[in-house]
Amino acid sequence: HKVDQIICFTHGILARFLLANLGLNTTLVCSERNSISMYKHTTQKKWNVNFMLLIFVKKITVQFDAYKYDYPIWLRHKIFTVNNPIFYHLESADLSSKNILAVGRLATQKQYHILIEAFALVAKDWPDWQLKIIGEGHLKLELLDLIKTLKLDGSVMIIPPSKLVENHYQTSSIFAISSQWEGFPNALAEAMSFGMLGVGFDQTAGVSDLISNGKNGIWCNTKCWLVTF
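Just so you know, these numbers come straight off a predicted model, no measurement behind them. (Residues numbered from 1 in each chain as written. Predicted model: local features only at pLDDT ≥ 70, side-chain atom pairs only at ≥ 80, totals over all residues. Heavy atoms only, no water.)

A.B. asks: Can you walk me through the overall build of the chain in this structure?
C.D. replies: Summing up its helical and strand segments, the chain has seven helices and 10 strands in all. Seen through its C-alpha atoms, the chain measures out along the principal axes to roughly 65 × 40 × 35 Å. Of the roughly 13,100 Å² of accessible surface on the chain, a fraction of 58% belongs to carbon and sulfur atoms. Distance between charge centroids for the chain: 9 Å, based on 22 positive and 18 negative side chains. (Helix = DSSP H or I, 4+ residues; strand = E, 2+ residues; numbered from the N terminus. Areas by Shrake-Rupley, 256 points an atom, 1.4 Å probe, with all protein chains shown as cover. Lys, Arg positive; Asp, Glu negative; His and termini not counted. Charge placed at Lys NZ, Arg CZ, Asp CG, Glu CD.)

Structural data, given as structure tokens:
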């Protein structure tokens, strides 16, 4: 096909791309979709074969400038920042709404159990507030059991993914993101494009890059995950 450039999405599959590229006169770019702070939370080690093979790619793209400094100095000259595009909307969130919204896969990385447990601590004092989590994943039944155990059936809901997610952005005031790490937190950025206030951990890669503490949201310390307003 006379391809000039090949883009590998994440270095985790880079070895296969390099093998497939042998003998071809193409430029190989690695487009990273996660912060490599993820290695702090996974069993895989940062200095693995695929990571070391980054020395053989022409360019590396990351999603925030701050991510460059997680890479060794001998790779930084080839790293460029490419943010995901987010478009602002004429519609605005209802900031008087007593809905807290979270959107994402029901997976370990998202730490929704922490979000639900935090909500349980304030639910009795603020009974008119609701927490809505939009997503699917292998932890769904476990999270539903946690909601039942904490007696939050009437105030915490897990909602299947929908193309009408914008309706939830417009009818919620706070977007909560409890992830261990992110690449570019698209759902947070989308929620903020509607004017929602973001709440997330200060040390979660990507989250603190979008939330300006005290201006468009609140940082929560990772060691103290109860936020009071």
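A.B. asks: Explanation requested: the packing of helix H3 (residues 112-123) against helix H4 (residues 140-149) in the structure shown.
C.D. replies: Between two packed helices, what matters for the description is the angle formed by their axes and the separation of those axes. Close contact between H3 and H4 brings their axes to 10 Å; oriented N to C, the two are set at 10°. When the interaxial angle is binned, H3 and H4 end up roughly parallel. In the packing of H3 onto H4, the handedness of the crossing is right-handed. Taken together, the residues of H4 that come into contact with H3 (itself represented by Tyr112, His113, Ile116 and Glu117) are Leu143, Leu146 and Ile147. (Axes fitted to C-alpha atoms, helices over the stretch in contact; angles between N-to-C directions. Parallel < 35°, antiparallel > 145°, perpendicular 65-115°, else oblique. Left-handed = near helix turned anticlockwise from the far one by under 90°. Contact = heavy atoms within 4.5 Å.)

A.B. asks: Help me out: how do you make sense of the sheet that holds strand E4 (residues 79-81) in this one?
C.D. replies: Across a sheet, paired strands are connected by hydrogen bonds in the backbone, their directions being either parallel or antiparallel. Strands sit in the order E1-E2-E3-E4 across an open sheet of four strands; the sheet is parallel. Looking along the sheet, the strands with just one partner apiece sit at the ends: strand E1 (5-9) and E4. Averaged over all pairs of adjacent strands, the angle between their axes in this sheet comes to 25°, without regard to strand direction. Sheet topology note: the strand E3 (residues 59-62)/E4 ladder contains three bridges and is parallel. Along E4, the bridge assignment pairs Thr61 with Phe80. (Pairing = 2+ DSSP bridges.)

A.B. asks: What exactly am I supposed to notice about the packing of aromatic side chains here?
C.D. replies: Aromatic rings in a pair are described by how distant their centres are and how their planes are angled relative to each other. Taken as a whole and judged by the stated rule, the model has five aromatic pairs. Taking the centre distance of 5.2 Å and the plane angle of 85° together, the rings of Trp47 and Phe51 count as edge-to-face. Pairing Phe51 with Tyr71 gives two aromatic rings, centres 6.0 Å apart and planes at 20°, and the pair type is stacked. Pair noted here: Phe51 is in helix H2 (residues 49-52) and Tyr71 is in the loop between E3 and E4, with a separation of 20 residues, a long-range link. Classification of Phe51 as buried rests on a relative accessible area of 1%. Owing to a relative accessible area of 3%, Tyr71 belongs among the buried residues under this scheme. These aromatic residues form a ring-pair network of at least three members: Trp47, Phe51 and Tyr71. (Phe/Tyr/Trp six-rings, centres within 6.5 Å; stacked < 30°, edge-to-face > 60°. Buried < 20%, exposed > 50% of the residue type's maximum accessible area, 1.4 Å probe, protein only.)

A.B. asks: Is there a simple way to think about the nonpolar core in this case?
C.D. replies: Where a protein is soluble and globular, its nonpolar side chains tend to be buried together. In terms of nonpolar packing, the biggest core is built from 23 residues, with Leu14, Leu28, Leu54, Val57, Ile60 and Tyr71 touching the most fellow members. When residues of this core are traced back to their parent elements, those giving at least two are helix H1 (14-20), strand E2 (27-31) and E3. Contact partners of Leu54, with chain neighbours within four places excluded, come to His11, Leu14, Cys30, Glu32, Ile60, Tyr71, Leu75 and Lys78. Listed in part, the 21 residues of the second largest apolar core include Ile100, Ala102, Leu115 and Leu143. (Core = buried A, V, L, I, M, F, W, Y, C linked by side-chain atoms within 4.5 Å.)

A.B. asks: For this particular structure, what's the right way to read the pairing of strand E7 (residues 156-159)?
C.D. replies: A regular strand places its side chains on the two faces of the sheet in alternate fashion. In terms of strand pairing, strand E6 (residues 130-134) meets E7 through four bridges, oriented parallel. Opposite Lys132, over in E7, you have Met157 as the bridge partner. In this region the chain leaves E6, passes through H4 and returns to the parallel neighbour E7; the handedness of that crossover is right-handed. (Right-handed = clockwise from strand over helix to strand, strands pointing away.)

A.B. asks: Is there a simple way to explain the pattern of salt bridges in this structure?
C.D. replies: Between side chains of opposite charge, a pair can form when the charged atoms approach closely. Considering all chains together, one arrives at four salt bridges under this definition. With a closest N to O distance of 2.5 Å, Asp128 and Lys98 form a salt bridge. Placement of the pair is Asp128 in the loop between H3 and E6 and Lys98 in the loop between E4 and strand E5 (99-103), with a sequence separation of 30 residues. Among the residues examined, Asp128 registers a relative accessible area of 42% and is labelled partly exposed. (Salt bridge = Lys/Arg side-chain N within 4 Å of Asp/Glu carboxyl O.)

A.B. asks: I would appreciate a short explanation of the sheet that holds E5 in the present structure.
C.D. replies: With parallel pairing, six strands are arranged side by side in an open sheet as E7-E6-E5-E8-E9-E10. What marks the edges here is a single partner per strand, and that holds for E7 and strand E10 (217-220). Here the average twist between neighbouring strands, direction ignored, is 20°. Examined bridge by bridge, strand E8 (residues 174-177) and strand E9 (residues 197-201) share four bridges and lie parallel to one another. Counterpart to Phe175 in the pairing with E9 is Gly198. Contacting E5, E6, E7, E8 and E9, H3 crosses the sheet at an angle of about 170° to E6. Docked against the sheet, helix H6 (residues 186-193) engages E5, E8 and E9, running at close to 170° with respect to E8.

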